[in-house]
Amino acid sequence: MSTSDTILSALADGVLTLTLNRPDKLNAFNEEMHLALRAGFERAHADGTVRAVLLTGAGRGFCAGQDLGDRDPKKGVPDLGHTIETFYNPLLRLIRSLEKPVICAVNGVAAGAGANIAFACDITLAARSARFIQAFSKIGLVPDSGGTWSLPHLIGEARAKALTLTAEPLGAETAADWGLIWRAVDDDKLMEEATALATRLAAGPTRGLGMTKRAIQAAATNSLDQQLDLERDLQREAGRSADYAEGVSAFLEKRKPEFKGK
Ligand code: T3D
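Parameters at a glance
- Residues numbered from 1 in each chain as written.
- Predicted model: local features only at pLDDT ≥ 70, side-chain atom pairs only at ≥ 80, totals over all residues.
- Heavy atoms only, no water.
- Buried < 20%, exposed > 50% of the residue type's maximum accessible area, 1.4 Å probe, protein only.
- Helix = DSSP H or I, 4+ residues; strand = E, 2+ residues; numbered from the N terminus.
- Pairing = 2+ DSSP bridges.
- Right-handed = clockwise from strand over helix to strand, strands pointing away.
- Patch = residues over 30% accessible without salt bridge, like charges linked within 9 Å, V, L, I, M, F, W, Y side chains within 5 Å.
- Areas by Shrake-Rupley, 256 points an atom, 1.4 Å probe, with all protein chains shown as cover.
- Salt bridge = Lys/Arg side-chain N within 4 Å of Asp/Glu carboxyl O.
- Polar contact = N/O pair within 3.5 Å; in protein donor to acceptor, adjacent residues only side chain to side chain.
- Contact = heavy atoms within 4.5 Å.
- 1 Å grid on protein atoms, 1.4 Å probe; cavity = no way out; pocket = protein on both sides within 12 Å on 5 of 7 lines; lining within 4 Å.
- Points joined across faces, edges and corners; volume = space filled by probe spheres on them.
- Nonpolar A, V, L, I, M, F, W, Y, C, P; charged D, E, K, R; others polar.
- Near = heavy atom within 4 Å.

Draft legend 1. Seen up close, the pairing of strand E4 (residues 52-57). By the criterion of burial, E4 is predominantly enclosed, with 6 of the 6 residues buried. Burial along E4 is two-sided: Ala52, Leu54 and Thr56 facing one way and Val53, Leu55 and Gly57 facing the other are all buried. Examined bridge by bridge, strand E3 (residues 15-20) and E4 share 6 bridges and lie parallel to one another. If you follow threonine 19 over to E4, its bridge partner there is threonine 56. The parallel pair E3 and E4 is bridged by helix H1 (residues 31-46), and the resulting crossover is right-handed. Sheet analysis places E4 next to strand E6 (residues 102-106), joined by 4 bridges and oriented parallel.

Shown next as structure tokens:
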């Protein structure tokens, strides 16, 4: 099933796979691709049969950020604050607020917003040959798509500043060593591993996984006391879920649980 040619969308085994599909432009964002990707994540929020999302790119790149062909200075001075507010920020919020796992399979270069979108996903795998580039400083821009938040949180200020000010490419293995992504995998195994992971998570206790995501993200701004209170509230809710009853029953009956995401 496809929402637009610029995003390929397919649902199988509870995993909604969204593939950025402008390979000639290394999957750079134009407005059509933004709207189609947003529609994909909105579907993931609304559709109970979607229990995990897998985001990847078609061709040799993951995403080269904004399509600079749409930013030709000869056409006038753009209001980039407006495009961030209209397109990039809503996308980041949809990814972070989705109470289902979002797996990202970075199949090639991830530059500008493309890199920071990959860092915003819950579990990011990258092909060993992939590289991440904070390309913004090369064209006089500031990192966006949450990069000025996620980079210092994930790797500290020193590395965040060096990456963003120099725009030096960062290889997938170093990105994994630094904690920017989960794992670098052999190029020819990327989609197999990412699909297996997404499928495993989609068969899991979706509500518990979603609340886990919420709790981990909340820790960025909460005190320990606030976090302890949040854990209490979320555990109360998780303890009332059908999947918790199923998980405990399966353990006691020495069988595999069959979670329904409820
Ligand atoms: O504007 C706003 O709304 C604000 C938001 C901004 C968010 C951002 O993401 S700003 C950052 C924008 N992105 C960049 O600055 C990256 C530009 N691209 C590159 O630096 C390089 O392409 C890469 C390092 C990503 C990859 O290099 P390489 O050598 O592997 O590939 P290439 O030959 O440069 O690119 C292949 C093709 O993709 C090429 O087209 P061609 O010549 O074969 O017809 C190239 O022009 C095209 N392409 C790559 N990136 C973009 C792009 N076309 C349009 N926009 C791009 N961002």
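Let's pick the thread back up.
Draft legend 2. Just a nonpolar patch on the surface, in detail. Taken together, the side chains of Tyr244, Val248, Phe251 and Leu252 make up a nonpolar region of the molecular surface, amounting to roughly 470 Å² of accessible area. Locating valine 248 in the fold gives a position in helix H10 (residues 242-252). We classify valine 248 as partly exposed; its relative accessible area is 34%.

Draft legend 3. Looking closely at the side chain of serine 4. For serine 4, the location among the structural elements is in strand E1 (residues 2-4). A residue is classified by how much of its surface remains accessible, and serine 4, at 12% relative accessible area, is buried. Looking at serine 4, its side chain comes within polar contact range of the side chain of threonine 6, at 2.8 Å. Not counting residues up to four positions away in its chain, the partners in contact with serine 4 are Glu32 and Ala36.

Draft legend 4. How the structure looks around empty space enclosed by the protein. A complete count under the given rule lists 1 cavity of 30 Å³ or more for this structure. Empty space within the largest cavity amounts to approximately 40 Å³. Of all the elements in the fold, those that place two or more residues in the lining of the largest cavity are H1 and helix H2 (80-97). The element best represented in the lining of the largest cavity is H1, accounting for 4 residues. Residues of the lining of the largest cavity, tallied by class, amount to 5 nonpolar, 1 polar and 1 charged.

Draft legend 5. Fine view of the site of the ligand. In the vicinity of the ligand lie 24 residues, with Ala64, Gln66, Arg71, Thr83 and Ala113 positioned nearest. Within the contact set of the ligand, an oxygen atom lies 2.9 Å away from a side-chain nitrogen or oxygen of arginine 60. Summarising the interface, the protein chains cover 68% of the accessible area of the ligand, which totals 1100 Å² for the free molecule. Looking at the shell around the ligand, the elements with two or more residues in it are H2, strand E7 (109-111) and strand E9 (131-133). With 4 residues, the single largest contributor to the shell around the ligand is H2. Of the residues in the shell around the ligand, the class split is 13 nonpolar, 4 polar and 7 charged.

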